[in-house]
Amino acid sequence: MATLTETAVVTRKAIKYGAIAFVAITLLWFIGGAAIRYYQALYPPTPPPPTMDFGLLPPIQFPKETGRPNLTLELPTGAIPEFPDRMKVFYAPTKRSGFLDADRAVETARALGFLFKPDQPTETKYTWTNQDQLSSRLNMDIVSGHFKLTRVWQANPALLALSSFGSDQQVITDINNYLRKGGLLPDDIDQEQKVTYQKAVGGQLTPTISLSEADFVQVDFFRNNFESYPFYRPEPDYGLVRATVSGSRDQADKIIGLDYNYTSVDYLKMGTYPIKTGGVAWQEFSNGGGLVTDKSPKTGSITIRRILLGYYDSPSQSYAMPIYIFLGDRGFVGYVSAVSDSVIRK
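Residues numbered from 1 in each chain as written. Predicted model: local features only at pLDDT ≥ 70, side-chain atom pairs only at ≥ 80, totals over all residues. Heavy atoms only, no water.

Visitor: I'd love a proper account of the overall build of the protein, names of residues and values included.
Guide: Secondary structure assignment for the protein yields 5 helices and 16 strands. Taking 346 residues into account, the globule formula puts the C-alpha radius of gyration at 20 Å, and the protein, at 30 Å, lies well above it. Projected onto the principal axes, the alpha-carbon positions of the protein cover approximately 115 × 55 × 50 Å. Sequence-distant contacts, at least 24 apart, represent 67% of the contacts inside the protein between residues at least 6 apart. A total of about 19,800 Å² of accessible surface is found on the protein, and carbon and sulfur atoms cover 57% of it. Once the 35 positive and 34 negative side-chain charges of the protein are each reduced to a mean point, those two points are 4 Å apart. (Helix = DSSP H or I, 4+ residues; strand = E, 2+ residues; numbered from the N terminus. Rg over C-alpha atoms; globule rule 2.2 N^0.38 Å. Contact = heavy atoms within 4.5 Å. Areas by Shrake-Rupley, 256 points an atom, 1.4 Å probe, with all protein chains shown as cover. Lys, Arg positive; Asp, Glu negative; His and termini not counted. Charge placed at Lys NZ, Arg CZ, Asp CG, Glu CD.)

Written out as structure tokens, the structure is:
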């Protein structure tokens, strides 16, 4: 039978060796984990292939360009950035004619202040006119829902004396409220706006440099970025919605122009597709591919200062597809399709 002394010795040894074993196991656990992470960093697992849920994609149909300058590339780092090897493509459904088109058009017109029966130049084109001081007019495609509201602001010179705008944000808020009232502010165009100050000169509106000098303010609404990727339109400065406002508090005089060309994108219906490298995209663009946008310089020499990825936002496309965007001197903007040629329908 063990004595108390012998039991105490055995207990101390058990505690000692148990503590050593615990420390050893803990060290092995951390060392093993670090080794696994290091191995995975050196040899990352191969990602699954792009899903290509829509099969082969149609090529992007860029508008016909009217000229192209000589292009050189000069980036801040001296090298074309690394871009991901795949991006999401979204379904962009095209509106089709339906029995309720006319009813919806009349509801929209009523929300915009046009209460009388429209003229119908064609089956799908409606025109409303108001016999007010500014000869308000609304032209609408009842299928797409696109419309243009115009008011002859020149008929009321007093509007120029009302040009006391609080701030850019106040102007945006006022337009947001106006659009929401008519159900015309979808969730995906409520964050990206561009404000342009306008001055009346000889009966025309021309840009000016500050809000204090402005007679009117123009706000363009663009589609919100998706995962930091911007949407660029065929005319990069022309929003899906463009509103021009006066300083009047009267709604009948406040909105003097509204050009509404919103198209929907289904962000839940998408697939991933392989994309070109930045180098391949630049080579294609510099060799004449893609599009030089209409207001970009068309002659002389232009230096490209920045390359980024984004999406092409065009009503003529059935999908919101990735593009490379080339930004350069003198407001130059150009695009080339980013989707790999191997998955584009011939």
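From this point, things continue past the structure.
Visitor: Run through the layout of surface pockets, naming residues and quoting values.
Guide: Its boundaries defined by the atoms lining it, the largest pocket holds a volume of some 540 Å³. Elements with a minimum of two residues in the lining of the largest pocket: strand E5 (147-150), strand E6 (192-201), strand E7 (204-208), strand E8 (216-222), strand E10 (241-245) and strand E11 (255-260). Partitioned by chemical class, the residues of the lining of the largest pocket number 8 nonpolar, 10 polar and 8 charged. (1 Å grid on protein atoms, 1.4 Å probe; cavity = no way out; pocket = protein on both sides within 12 Å on 5 of 7 lines; lining within 4 Å. Points joined across faces, edges and corners; volume = space filled by probe spheres on them. Nonpolar A, V, L, I, M, F, W, Y, C, P; charged D, E, K, R; others polar.)

Visitor: So what's going on with the pattern of salt bridges? Residues and values would help.
Guide: The final tally for this structure, using the stated rule, is 15 salt bridges. Here Arg 242 makes a salt bridge to Asp 220, at a shortest N to O gap of 2.7 Å. Of this pair, Arg 242 sits in strand E10 while Asp 220 sits in strand E8; the two residues are 22 residues apart in sequence, bridging distant segments of the chain. For Arg 242, a relative accessible area of 16% gives the class buried. Note on Asp 220: relative accessible area 1%, which makes it buried. For the salt bridge of Asp 341 with Lys 276, the shortest nitrogen-to-oxygen distance reads 3.5 Å. In this pair, Asp 341 is assigned in the segment after strand E16 (332-337) and Lys 276 in the loop between strand E12 (266-274) and helix H5 (278-286), connecting sequence segments 65 residues apart. We classify Asp 341 as partly exposed; its relative accessible area is 43%. The exposure class of Lys 276 is buried, given its relative accessible area of 8%. Residues joined by salt bridges that share partners form a network here, namely Glu 74, Arg 305 and Asp 329. (Salt bridge = Lys/Arg side-chain N within 4 Å of Asp/Glu carboxyl O. Buried < 20%, exposed > 50% of the residue type's maximum accessible area, 1.4 Å probe, protein only.)

Visitor: Can you explain helix H3 (residues 168-181)? Please cite residues and give values.
Guide: With 14 residues, H3 should cover 20 Å at 1.5 Å per step; its first-to-last C-alpha distance of 20 Å lies within 8% of that length. Restricting attention to buried positions, one finds in H3 the residues Val 171, Ile 172, Ile 175, Asn 176, Tyr 178 and Leu 179. Seen along its axis, H3 keeps its buried residues to an arc of 165°; they face one direction. Elements that come into contact with the buried residues of H3 comprise E5, E6, E8, E10, helix H4 (251-254) and E11. Looking one or two residues past H3, Gly 183 carries a phi angle of roughly 65°, positive in sign. (Expected span 1.5 Å × (residues − 1). Arc of directions from axis to C-beta.)

Visitor: A description of the sheet that holds E8 should follow, citing residues and the corresponding values.
Guide: Paired through their backbone hydrogen bonds, the strands of a sheet run either parallel or antiparallel. The 8 strands lie next to each other as E3-E4-E5-E11-E10-E8-E6-E7, forming an open sheet whose pairing is antiparallel. The open sheet has two edge strands with one neighbour each: strand E3 (125-129) and E7. Direction aside, the axes of adjacent strands within the sheet are offset by 20° on average. Where E6 meets E7, 5 bridges bridge the pair, whose relative direction is antiparallel. Across the sheet, Val 201 pairs through a bridge with Gln 204, a residue of E7. Contacting E3, strand E4 (137-141) and E5, helix H2 (residues 101-111) runs over the sheet at an angle of about 25° to E3. Packed onto the sheet, H3 meets E5, E6, E8, E10 and E11 and runs at close to 65° relative to E8. (Pairing = 2+ DSSP bridges. Axes fitted to C-alpha atoms, helices over the stretch in contact; angles between N-to-C directions.)

Visitor: Could you give me a rundown of the side chain of Thr 108, with the residues and numbers involved?
Guide: Topologically, Thr 108 is positioned in helix H2. A relative accessible area of 18% means that Thr 108 is categorised as buried. When neighbours within four sequence positions are excluded, Thr 108 is seen to be in contact with Met 140, Phe 147 and Leu 184.

Visitor: Break down the nonpolar core for me, citing the residues and quoting the values.
Guide: Among soluble globular proteins, nonpolar side chains are generally buried collectively. Core analysis: the biggest nonpolar cluster contains 35 residues, and Leu 112, Leu 138, Leu 179 and Leu 258 have the highest contact counts within it. Looking at this core, the element that brings in the most residues is H3, giving 5 residues. Residues within four places of Leu 112 in sequence aside, it is in contact with Leu 138, Phe 147, Leu 149, Arg 151, Tyr 178, Leu 184 and Leu 258. With 24 residues, the next largest nonpolar core counts Leu 71, Ile 275, Phe 285 and Leu 309 among its residues. (Core = buried A, V, L, I, M, F, W, Y, C linked by side-chain atoms within 4.5 Å.)

Visitor: Just give me the short version of the environment of Val 143, but keep the residues and values in it.
Guide: Inspection of the secondary structure assignment puts Val 143 in the loop between E4 and E5. We classify Val 143 as buried; its relative accessible area is 17%. Measuring from C-alpha to C-alpha, the distance between Val 143 and Lys 125 comes to 8.6 Å, with 18 residues separating the pair along the chain. Those residues in contact with Val 143 that sit more than four places away from it in its chain are Lys 95, Arg 96, Ser 97, Asp 101 and Thr 124.

By themselves, these observations are geometric and do not establish any function.
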